[in-house]
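# Tertiary structure, described
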Amino acid sequence: MIPYGRQEISQPDIDAVVAVLRSDFLTQGPVVPRFEEAVAARCGARFAVAVNSGTSALHLACMALDLEPGDLLWTVPNTFVASANCARYCGADVDFVDIDSDTWNISVPRLKEKLDEAQTAGKLPKVVVPVHFAGQPTDQEDIWDLSQEYGFKIFEDACHSLGASRNSEPVGNCKWSDITVFSFHPVKIITTGEGGMVLTNDEQLAWRMETLRTHGITRDPAHTLKDPDGPWYYEQLELGYNYRMTDIQAALGLSQLARLDEFVEKRNQLARRYSELLVDFPLQLPFVRPENRSAFHLYVVRLQKDKIRKTHREVFEELRDQGIGVNLHYMPVHLQPYYRNLGFGPGNFPAAEIHGKEAITLPLYPSLTEKEQDQVVKAIKRVVS
Ligand SMILES: *Cc1c(COP(=O)(O)O)cnc(C)c1O
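Keep in mind that what you see is a predicted model, and the values were worked out from it rather than measured. (Residues numbered from 1 in each chain as written. Predicted model: local features only at pLDDT ≥ 70, side-chain atom pairs only at ≥ 80, totals over all residues. Heavy atoms only, no water.)

## Concerning the site of the ligand
- Taken together, 16 residues lie around the ligand, and Gly-54, Thr-55, His-160, Ser-183 and Lys-188 are the ones closest in.
- His-160 places a polar side-chain atom, nitrogen or oxygen, 2.7 Å from an oxygen atom of the ligand.
- At a separation of 2.7 Å, an oxygen atom of the ligand approaches a polar side-chain atom of Ser-183.
- Protein coverage of the free-state accessible area of the ligand, which is 380 Å², stands at 93%.
- The element contributing the most residues to the shell around the ligand is helix α3 (residues 54-64), with three residues.
- Each residue belonging to the shell around the ligand can be placed in one class, and the counts come to six nonpolar, eight polar and two charged. (Near = heavy atom within 4 Å. Polar contact = N/O pair within 3.5 Å; in protein donor to acceptor, adjacent residues only side chain to side chain. Areas by Shrake-Rupley, 256 points an atom, 1.4 Å probe, with all protein chains shown as cover. Helix = DSSP H or I, 4+ residues; strand = E, 2+ residues; numbered from the N terminus. Nonpolar A, V, L, I, M, F, W, Y, C, P; charged D, E, K, R; others polar.)

## So, the environment of Ile-99
- In this structure, Ile-99 sits in the loop between β3 (93-96) and α5 (108-121).
- Here Ile-99 falls in the buried class, since its relative accessible area comes to 6%.
- Between the C-alpha atoms of Ile-99 and Pro-350, which are 251 residues apart in sequence, the distance is 8.8 Å.
- Excluding residues that lie within four positions of it along the chain, Ile-99 makes contacts with Val-76, Asn-78, Trp-104, Asn-105, Ile-106, Ser-107, Ala-351, Ala-352 and His-355. (Buried < 20%, exposed > 50% of the residue type's maximum accessible area, 1.4 Å probe, protein only. Contact = heavy atoms within 4.5 Å.)

## As for the packing of aromatic side chains
- Taken as a whole and judged by the stated rule, the model has eleven aromatic pairs.
- When the ring of Phe-96 is compared with that of Phe-344, the centres are 5.1 Å apart and the planes differ by 75°; the resulting orientation is edge-to-face. You can see Phe-96 sitting in strand β3 and its partner Phe-344 sitting in the loop between α11 (337-340) and α12 (350-358), a full 248 residues away along the chain. Phe-344 carries the same exposure label as Phe-96, and that label is buried.
- Ring pairs connect the aromatic residues Phe-96, Tyr-338, Tyr-339, Phe-344 and Phe-349, which therefore count as one cluster. (Phe/Tyr/Trp six-rings, centres within 6.5 Å; stacked < 30°, edge-to-face > 60°.)

## Observations regarding helix α1 (residues 11-21)
- Those residues of α1 that fall on the buried side of the exposure criterion are Asp-13, Val-17 and Val-20. Buried residues of α1 fall within an arc of 55° about the axis and therefore sit on the same side. (Arc of directions from axis to C-beta.)

## Some thoughts on the sheet that holds strand β12 (residues 283-284)
- Taken in spatial order, the three strands line up as β12-β14-β15 in an open sheet, and their pairing is antiparallel. Whereas interior strands pair on both sides, the edge strands pair on one side only; in this sheet they are β12 and β15 (359-362).
- Contacting β14 (299-303) and β15, helix α10 (residues 312-321) crosses the sheet at an angle of about 15° to β15. (Pairing = 2+ DSSP bridges. Axes fitted to C-alpha atoms, helices over the stretch in contact; angles between N-to-C directions.)

## Quick look at the side chain of Asn-85
- For Asn-85, the location among the structural elements is in helix α4 (residues 82-89).
- The exposure class of Asn-85 is buried, given its relative accessible area of 18%.
- Separated by 2.6 Å, the side chains of Asn-85 and Tyr-339 make a polar contact.

## Focus: the packing of α10 against helix α13 (residues 370-384)
- Relative to each other, α10 and α13 sit at 140°, their axes nearing to 10 Å. In terms of orientation, α10 lies oblique with respect to α13. α13 is crossed by α10, and the crossing has right-handed handedness. Packed against α10, whose contacting residues are Val-315, Glu-318 and Leu-319, the element α13 presents Ala-379, Ile-380, Val-383 and Val-384 at the interface.
- For the contact of α10 with α13, the class distribution of residues is six nonpolar, no polar and one charged. (Parallel < 35°, antiparallel > 145°, perpendicular 65-115°, else oblique. Left-handed = near helix turned anticlockwise from the far one by under 90°.)

## A look at the nonpolar core
- Core analysis: the biggest nonpolar cluster contains 92 residues, and Phe-155, Ile-179, Leu-278 and Tyr-299 have the highest contact counts within it.
- With seven residues, the top contributor of residues to this core is α3.
- Residues in contact with Tyr-299, not counting those within four places in the same chain, are Ala-271, Tyr-274, Ser-275, Leu-278, Leu-285, Pro-286, Ile-360, Thr-361, Leu-362 and Leu-364.
- Formed by 29 residues, the second largest nonpolar core is a distinct cluster that contains Phe-35, Leu-162, Val-264 and Ala-295. (Core = buried A, V, L, I, M, F, W, Y, C linked by side-chain atoms within 4.5 Å.)

In short, geometric facts, not functional conclusions.
Printed below as a string of structure tokens:
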């Protein structure tokens, strides 16, 4: 089976991990801050805090923005469940904004409409979470303008888009958001095994997330409230977690980061090649806005149902039977049983629901060969023509 995504591990990656195993620190040690500084520098943000998963990173972002019971977080249904779940960890409520039918990212006109409705109803969100679907940046300046007008905070779920850029500026610079979140799960652009990171330009938010990553504890004399009565002294200021990244993970991440541009370039080349080979097929191909460079975490196509006699499921099964590890990104989050139990249901977000009935993720990762890609295209040809 050709998988839809896979990691790319080199000998230098392995050597970097082994070097940490032979060192004094296995958990958070000197390599974690080096990895943080390298990602912050690459993305043009002032601060970075590494954690043990993208999900933990989303949770810390919610906490740092003071999301609490009674508050609302809005995200899109076309995402992984974690983008919404993070609000529930804080006891806050979730609502969704439908997607744009070209980019499959959050629809800014729909966001504006929904904000107007929410303002009338007195139920504006505290936080909005745009998701960079498949690696394409969101229309972030426009969302930022709306945040100023309606008074909400933003964190970007950029788990798909490390290495992407918009108007030649890197994703993660937090120019048009409060915080940006990355994941280093093995299918993402670079990996640490499990891992994630939050970036921000706000010193206070950075300090808060750093503290919350380790139980809400600080040893920083500038922040301690009482007189230390000994060298053992630390203070727990609020309820945090153990969300620390290990030096083992950071060493892998730092080594992988050196190949980020190479990975993104390879993904873009393969995506372009797919789009050339598939142009005459009854498929809607990925659309990337001219001002964006996608990281192409995923190559997603949509079946043009009026031109294909088979169902979504049949196409899926026939491709899997031919050894093509296609996937679906995403079943709409609001249709998950957990969110249905909170009152959501079919018909709430039509564009995301149609996407979920037509989308197919084709294999894409830097080591995918052109021969394998041809195999994928041949299989699709057999199935849809
Ligand atoms: C992968 C992913 C996450 C969660 O990241 P983990 O590192 O797996 O916890 C969150 N949001 C999106 C959009 C993702 O793709």
